[in-house]
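Structure assessment
Listed below, chain by chain, are the residues.
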Amino acid sequence: MNETLVTLVGNAATAVDFRDAATGPTARFRMAVTPRRWDREQQIWTDGRTSFYTVWARRSLAANLAGSVSVGEPLVVHGRLKVREEERDGVWKTSVDVEAVAVGHDLTRGTAAFRRVAGADPTLTAPTHRQKPATEMASMS
């Protein structure tokens, strides 16, 4: 089968919308991807135009997303690209979706603590209190 696989590097722009449907768990969120380039004339980094994608996940990936991803977090998403065109009120709109195969935090911009999920117990991926960074913990003592 010919499919277009893409890898996006960006930030979660919306909260994960998790639904436990009759066909199984699904989740979706919007992801913002902004290209950066070096401007040689001004000697500074400049941002390009931000693109937004709707990321869809199913089954265990959906449940794990709901307990792991928050708005603004840097992510890497790998999946199948889907482009849809539809007419609304006489205006044609184009939407770009990614059916995720894998999602992870972008470790070039921070750290993460991985917790393996045993079986399909969704309580194991429920949001927990995050550990404070070492710099905050050191200042508290």
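Residues numbered from 1 in each chain as written. Predicted model: local features only at pLDDT ≥ 70, side-chain atom pairs only at ≥ 80, totals over all residues. Heavy atoms only, no water.

Pairing geometry for strand β6 (residues 51–58) and strand β8 (residues 91–105), over three bridges, is parallel. The residue bridging W56 from the neighbouring strand is E99, located in β8. In terms of strand pairing, strand β7 (residues 74–88) meets β8 through 14 bridges, oriented antiparallel. By the bridge assignment for β8, E85 is matched with T94. Adjacent in sequence and paired antiparallel, β7 and β8 are bridged by two residues, among which D89 carries a positive phi angle near 50°. (Pairing = 2+ DSSP bridges. Helix = DSSP H or I, 4+ residues; strand = E, 2+ residues; numbered from the N terminus.)

Now for unusual backbone geometry. Backbone geometry at Q43 places phi at a positive 60°, although glycine is not the residue there. Examined against the element boundaries, Q43 turns out to sit in the loop between β4 (36–39) and β5 (44–47). Backbone geometry at R59 places phi at a positive 50°, although glycine is not the residue there. Structurally, R59 can be placed in helix α1 (residues 59–66). By relative accessible area, R59 is classed as exposed at 59%. (Buried < 20%, exposed > 50% of the residue type's maximum accessible area, 1.4 Å probe, protein only.)

Turning to the packing of aromatic side chains, a few remarks are in order. Tallied over the full model, the rule gives one aromatic pair. For the ring pair W38 and W45, a centre distance of 5.5 Å and an interplane angle of 70° mean the geometry is edge-to-face. Take W38: its relative accessible area is 38%, and that puts it in the partly exposed class. (Phe/Tyr/Trp six-rings, centres within 6.5 Å; stacked < 30°, edge-to-face > 60°.)

Okay, the pattern of salt bridges next. Applying the stated criterion to the full structure yields nine salt bridges. Across the pair E3 and R80 runs a salt bridge, and its minimum N-O distance is 3.2 Å. With E3 in the segment before β1 (5–12) and R80 in strand β7, this residue pair connects regions lying 77 residues apart in the sequence. For D17, the salt bridge is made with R19, and the minimal N-O distance between the two is 3.1 Å. Note on D17: relative accessible area 25%, which makes it partly exposed. Shared partners join several salt bridges into a network, and the residues in it are R84, E86, R88 and D97. (Salt bridge = Lys/Arg side-chain N within 4 Å of Asp/Glu carboxyl O.)

Grouped together as the largest cluster of nonpolar side chains are 19 residues, with contacts concentrated most on L8, F29, M31, L65 and V77. Broken down by secondary-structure element, the contributors of at least two residues to this core are β1, β3 (24–33), β6, α1, β7 and β8. In terms of residues, this core owes the most to one element, β3, which gives four residues. Discounting residues that sit within four places of it in the chain, L65 has contacts with V16, F29, A57 and V103. (Core = buried A, V, L, I, M, F, W, Y, C linked by side-chain atoms within 4.5 Å. Contact = heavy atoms within 4.5 Å.)

Another aspect to go through is the side chain of D97. Tracing the sequence through the fold places D97 in strand β8. Note on D97: relative accessible area 7%, which makes it buried. At 2.9 Å, the side chain of D97 forms a polar contact with the side chain of R84. In contact with D97, not counting residues within four places along its chain, are T54, W56, R80, L81, K82 and R84. (Polar contact = N/O pair within 3.5 Å; in protein donor to acceptor, adjacent residues only side chain to side chain.)

The next point concerns the side chain of T54. Within the fold, T54 resides in strand β6. Taking relative accessible area as the criterion, T54 reaches 10% and is therefore assigned buried. A distance of 2.8 Å separates polar atoms of two side chains, one belonging to T54 and the other to R30. Sequence-distant contacts of T54, that is, excluding residues within four places in its chain, are made with R28, F29, R30, V96, D97 and V98.

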